[in-house]
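# A structural walkthrough
Listed below, chain by chain, are the residues.
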Amino acid sequence: MTSETSASGAPFANALSARLAATRETYRALEGFFDEIVLGLKMTGVGGAAPGVGEIFPEFALPSARGGYLGLGDLLAQGPVVLNFSRGRWCPYCVHELAAWGEALPALNANGARFLEVTGETGGEARSILHSLPGNADVVCDVDHGLALSLGLAFFAGEPMLAYYREAGLDMNAIYGSNSGFLPVPATYVVGQDGAVRYAFVDVDFRNRAEPADVLAALEAA
Amino acid sequence: MEMHQVRYFLAAARLLNFTRAAIECNVSQPSLTKAVQKLEEEFGAPLFRRERARTHLTEMGKAMLPHLQRSFDAAQAAKQMARGLGRAEIAPLTLGVARTVEHPALQRVLAELGTGLAGLELALTSGSSGELIELAMGGSLDLVIIELPEEAPERLDRWPLFEDIYHIVTRPEHGYASTPPIGVEALEDEVWIDFAGDGCAGLARIAGQAGVQIEVRHQAHSLAQLRQMVLAGLGCAWMPLGVVSAPLVAVPLPFAQEPAKVVLASVAGRRRAIAADAFVRAARAQSWEPQ
């Protein structure tokens, strides 16, 4: 998980896991609180039904940040797809993750792969994420976490977590255009051109993310 | 949560009967019960209260029903859009846009729908916000984009899009263009052009609160007419800033006022067809910030 170099030899000066660890350190006082919530989600089996390696990733099409609808099939026609679900840039872990993907984009594109970010955030956030990514990437808007739900990747955050976010000044209603309290499980997939999942990372513990170097290795092995 | 759990929940919530819900979902009742229990575990509270003869939604169940329905619909739409199902089917959409609303995001949303739903049949209507609400309540419009009136019907699902501030609108040669009015009293010296009932009512209210009566002499029925009449020097208009473009000049009132809240709305509790649903999602995905 902490490899500092991708299989193609492209250096990653700063592995994502190291940045996430630093963020955890910043929020150290909250570790116990989040641990308990994550444990609860794991016990309920959240994320357990999400597609695994070897399974066919279901086809979908969502509004694209570039306008119009973008389907997984449209991208697979051009190459394998790295599909990333994150919660949004209000979340410090997601900020690091998206930055790391931005840095990995050239290597990813060099492998013929396409990067597709899925965000549940409304109000044009898909567009600003797209503009923040330096390479060849696409962003789609999963309004009301519909795609996440169809993959078993949407969950009810629960009152303690929602209360924590409220107190931190985050308005979930403004972020997702709904006060459902639903959130997506952070997940990263490599989908091959045949539609089969080559690599899957799903973790209800939002403090853990797929390491781009591992994803690149999976792409190169495919 | 998983799709099948949500599907079973929605059926049970609609039928308020687990046996009938299981039949409708084509599963055994124990499977349906178990799936709903899993969902209740995740929500940390019961969604149903089952008494001997009757099944009710709990407060939690009632609160979560619209959210689960929306996410379920969004999941199905994501699948249908990929299958090109929208391409084959005729997808009618009746949309009302208030005369005082113009925004580039609306064009982007319509463009998105046009590419995603080749079967789209759009009927676009304009009118005052009040007229459009009435048409929606009467079932003639699927969706309306309106300025939310203070006393909007409860039965209106609404998604805030943007806010706009009304301004005095005049021509560049008018005195207001260089010297805005200092007090409300000055508005009495001006002739006003009403805009299809929507235009001057707000200004008349503001002036009235200060005991000032404005003279509304002319009537315009479209934005184009209103622009022409203002430029012809017939009087001043009262319009949201978003619809004012050069050579017209927008002059703010000399004191703060409540912004107009522009919302997308549809009648609550009515099932929206595929195109209306897709429009709502596309509109929410877009940024409606001033450009």
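## Re the overall build of chain A
Regarding its fold elements, chain A presents 9 helices and 9 strands. Against the globule reference of 17 Å for 222 residues, chain A gives a C-alpha radius of gyration of 17 Å, in line with a compact fold. With the principal axes as the frame, chain A shows a C-alpha extent of 45 × 35 × 35 Å. Within chain A, buried positions represent 60% of all 222 residues. Pairs at least 24 apart in sequence give 68% of the contacts found in chain A among residues at least 6 apart. Carbon together with sulfur atoms contributes 54% to the accessible area of chain A, which is approximately 8100 Å² in total. Each charge sign in chain A was given a centre, from 13 positive and 25 negative side chains, and these centres are 3 Å apart.

## Some thoughts on the overall build of chain B
Each helix and strand in chain B was counted, giving 11 helices and 12 strands. A compact globule built from 291 residues should have a C-alpha radius of gyration of about 19 Å, whereas chain B, at 24 Å, is more than 25% larger. On the principal axes, the C-alpha backbone points of chain B span a range of 75 × 45 × 30 Å. Here chain B, with 291 residues, has 48% of them falling under the buried criterion. Expressed as a percentage of contacts within chain B between residues at least 6 apart in sequence, the contacts between residues at least 24 apart total 73%. Per element, the accessible surface of chain B, about 14000 Å² overall, is 51% carbon and sulfur.

## Topic: unusual backbone geometry
All names here are of chain B. Of note, the amide linkage connecting Ala246 to Pro247 takes the cis form, showing an omega dihedral of 5 degrees. By the secondary structure assignment, Pro247 is in the loop between strand 10 (237-240) and strand 11 (249-251). Its identity is not glycine, yet Leu16 carries a phi of approximately 50 degrees, on the positive side. Classification of Leu16 as partly exposed rests on a relative accessible area of 39%. Located in the positive-phi region is Asn26, a residue other than glycine, with phi close to 65 degrees. When you line up the elements, Asn26 lands in the loop between helix 2 (18-25) and helix 3 (29-43). Owing to a relative accessible area of 70%, Asn26 belongs among the exposed residues under this scheme.

## Describing the packing of helix 2 (residues 31-44) of chain A against helix 7 (residues 159-167) of chain A
For any two helices packed against each other, one specifies the inter-axial angle together with the distance between the axes. Residue and element names in this part refer to chain A. The interhelical angle for the contact between helix 2 and helix 7, taken along N-to-C directions, is 140 degrees, at an axis separation of 10 Å. Between helix 2 and helix 7, the residues in contact are Phe33, Phe34 and Ile37 and Pro160, Met161 and Tyr164, respectively. A per-class count over the contact of helix 2 with helix 7 returns 6 nonpolar, no polar and no charged.

## Thoughts on the pattern of salt bridges
Across all of its chains, the model carries 24 salt bridges over all chains by this definition. Measuring nitrogen to oxygen at the nearest pair gives 2.9 Å for the salt bridge that ties Arg114 of chain A to Asp138 of chain A. Note that Arg114 of chain A is positioned in strand 4 (residues 114-119) and Asp138 of chain A in strand 5 (residues 137-141), a separation of 24 residues in sequence. As far as the burial class goes, Arg114 of chain A and Asp138 of chain A line up, both buried. Ionic pairing is found between Lys261 of chain B and Glu258 of chain B, a salt bridge with its closest N-O pair at 3.6 Å. Put simply, Arg24, Glu31, Asp35, Asp205 and Arg207 of chain A are held in one network by salt bridges that share partners.

## Details of the packing of aromatic side chains
Applying the stated criterion to the full structure yields 18 aromatic pairs over all chains. Look at Phe57 of chain A and Phe60 of chain A: their rings are 6.3 Å apart centre to centre, the planes differ by 65 degrees, and that puts the pair in the edge-to-face class. The class for Phe57 of chain A is buried, based on a relative accessible area of 3%. Judged by its relative accessible area of 1%, Phe60 of chain A falls in the buried class. Across the ring face of Phe206 of chain A, the terminal group of Arg87 of chain A is positioned such that the distance to the ring centre comes to 4.1 Å. If you follow Arg50 of chain B out to its NZ or CZ, it ends over the ring of Phe18 of chain B, 3.9 Å from the centre.

## A closer look at the interface of chain A and chain B
Listed as interface residues are 33 residues of chain A and, on the opposing side, 32 residues of chain B. Of the roughly 2700 Å² buried between chain A and chain B, counting both surfaces, carbon and sulfur atoms make up 63%. It is Tyr69, Leu149 and Phe156 of chain A in chain A that bury the most area against chain B; as a group they hold 24% of the surface buried on that side. Taken together, the links from chain A to chain B amount to 1 salt bridge. The salt bridge involving Asp144 of chain A is made with Arg284 of chain B; its shortest N-O contact spans 2.8 Å. There are 12 residue pairs in polar contact (both at pLDDT 80 or more) connecting chain A and chain B. For the side of chain A that touches chain B, the secondary-structure elements that each account for two or more residues are helix 2, strand 1 (61-63), helix 6 (146-150) and strand 6 (154-156) of chain A. If you tally residues by element for the side of chain A that touches chain B, the top one is helix 6 of chain A, at 4 residues. Residue composition of the side of chain A that touches chain B, by class: 17 nonpolar, 13 polar and 3 charged.

Parameters at a glance
- Residues numbered from 1 in each chain as written.
- Chains lettered and ligands numbered in written order.
- Predicted model: local features only at pLDDT ≥ 70, side-chain atom pairs only at ≥ 80, totals over all residues.
- Heavy atoms only, no water.
- Helix = DSSP H or I, 4+ residues; strand = E, 2+ residues; numbered from the N terminus.
- Rg over C-alpha atoms; globule rule 2.2 N^0.38 Å.
- Buried < 20%, exposed > 50% of the residue type's maximum accessible area, 1.4 Å probe, protein only.
- Contact = heavy atoms within 4.5 Å.
- Areas by Shrake-Rupley, 256 points an atom, 1.4 Å probe, with all protein chains shown as cover.
- Lys, Arg positive; Asp, Glu negative; His and termini not counted.
- Charge placed at Lys NZ, Arg CZ, Asp CG, Glu CD.
- Axes fitted to C-alpha atoms, helices over the stretch in contact; angles between N-to-C directions.
- Nonpolar A, V, L, I, M, F, W, Y, C, P; charged D, E, K, R; others polar.
- Salt bridge = Lys/Arg side-chain N within 4 Å of Asp/Glu carboxyl O.
- Phe/Tyr/Trp six-rings, centres within 6.5 Å; stacked < 30°, edge-to-face > 60°.
- Lys NZ or Arg CZ within 6 Å of the ring centre and 35° of its normal.
- Buried area = accessible area lost by both parts, 1.4 Å probe.
- Polar contact = N/O pair within 3.5 Å; in protein donor to acceptor, adjacent residues only side chain to side chain.

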